[in-house]
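# Structural overview for review
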Amino acid sequence: EDQVTQSPEALRLQEGESSSLNCSYTVSGLRGLFWYRQDPGKGPEFLFTLYSAGEEKEKERLKATLTKKESFLHITAPKPEDSATYLCAVLLYNQGGKLIFGQGTELSVKP
Amino acid sequence: GAVVSQHPSRVICKSGTSVKIECRSLDFQATTMFWYRQFPKQSLMLMATSNEGSKATYEQGVEKDKFLINHASLTLSTLTVTSAHPEDSSFYICSAKGGATDTQYFGPGTRLTVL
């Protein structure tokens, strides 16, 4: 069965304290992996798409990396405004474009 | 670019009534739209996939007669919750993708409360 697991479920950081979020997957036929950010009461906001092992994408304080079994979202020197739930999702071949989401990591950054 | 809107953002209705939620892609043509449901502190649960001009494909366990989906144009999809009951209260989110991209762009969501 195709599965996406994110860890930790919740992460509390002090402002400036860098860390990483993990997304591990067990799927057949990975086409791509996506990271989204979701604020409370809002829809997910697209961050990154990764297609190949070894690929990296960066945006401000965020960097996403991909291996054959997992992806990491590195947060460097986070700020309180980075607080949100970060969702990982995988896209498989021949599934009509459906995404399989992980449960998310709730990040809280305290000043 | 890649903006998706939803209307209404919040709706409260009485048990037994029907509610329609609109999802629009504002600056691109959405060949495929998706409808999700999200419960508090949980991830997104895909309800159905719709391609423009075709019947929607529903996920296992989702009642197609209760959750009517129409994708009549490349910029608009609607979800109608028929004969709503309190257990249908949830956060409904749509997403859209164009034909040339894998990326789904999400709307802001609609909070449905059924009294």
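Everything discussed here concerns the structure shown above.
Description of the structure in this document.

What counts as what
Residues numbered from 1 in each chain as written. Chains lettered and ligands numbered in written order. Predicted model: local features only at pLDDT ≥ 70, side-chain atom pairs only at ≥ 80, totals over all residues. Heavy atoms only, no water. Core = buried A, V, L, I, M, F, W, Y, C linked by side-chain atoms within 4.5 Å. Buried < 20%, exposed > 50% of the residue type's maximum accessible area, 1.4 Å probe, protein only. Disulfide = S-S within 2.5 Å. Helix = DSSP H or I, 4+ residues; strand = E, 2+ residues; numbered from the N terminus.

A few words on the nonpolar core. By size, the foremost hydrophobic cluster in this structure holds 25 residues, and its most contacted members are W35, Y58, F67, I69, L79, Y92 and L112 of chain B. The next biggest cluster of nonpolar side chains, apart from the first, holds 23 residues, and it includes C23, L47, V90 and L92 of chain A.

This brings us to the state of the cysteines. The final tally for this structure, using the stated rule, is 2 disulfides over all chains. The disulfide that involves C23 of chain A links it to C88 of chain A, with 1.9 Å between the sulfurs. Taking the sign of the torsion about the S-S bond as the criterion, the disulfide between C23 of chain A and C88 of chain A, at about -50°, is left-handed. With C23 of chain A in strand β3 (residues 19–26) and C88 of chain A in strand β9 (residues 84–92), the pair connects residues that are 65 residues apart, well separated along the chain. Put simply, C23 of chain B and C94 of chain B are joined by a disulfide, and their sulfur atoms are 2.0 Å apart. Of note, the bridge from C23 of chain B to C94 of chain B carries an S-S torsion of about 80° and is right-handed in sense. Taken as a pair, C23 of chain B in strand β3 (residues 19–25) and C94 of chain B in strand β9 (residues 90–97) lie far apart in primary sequence, 71 residues in all. Residue C94 of chain B is classed as buried on the basis of its relative accessible area, which comes to 0%.

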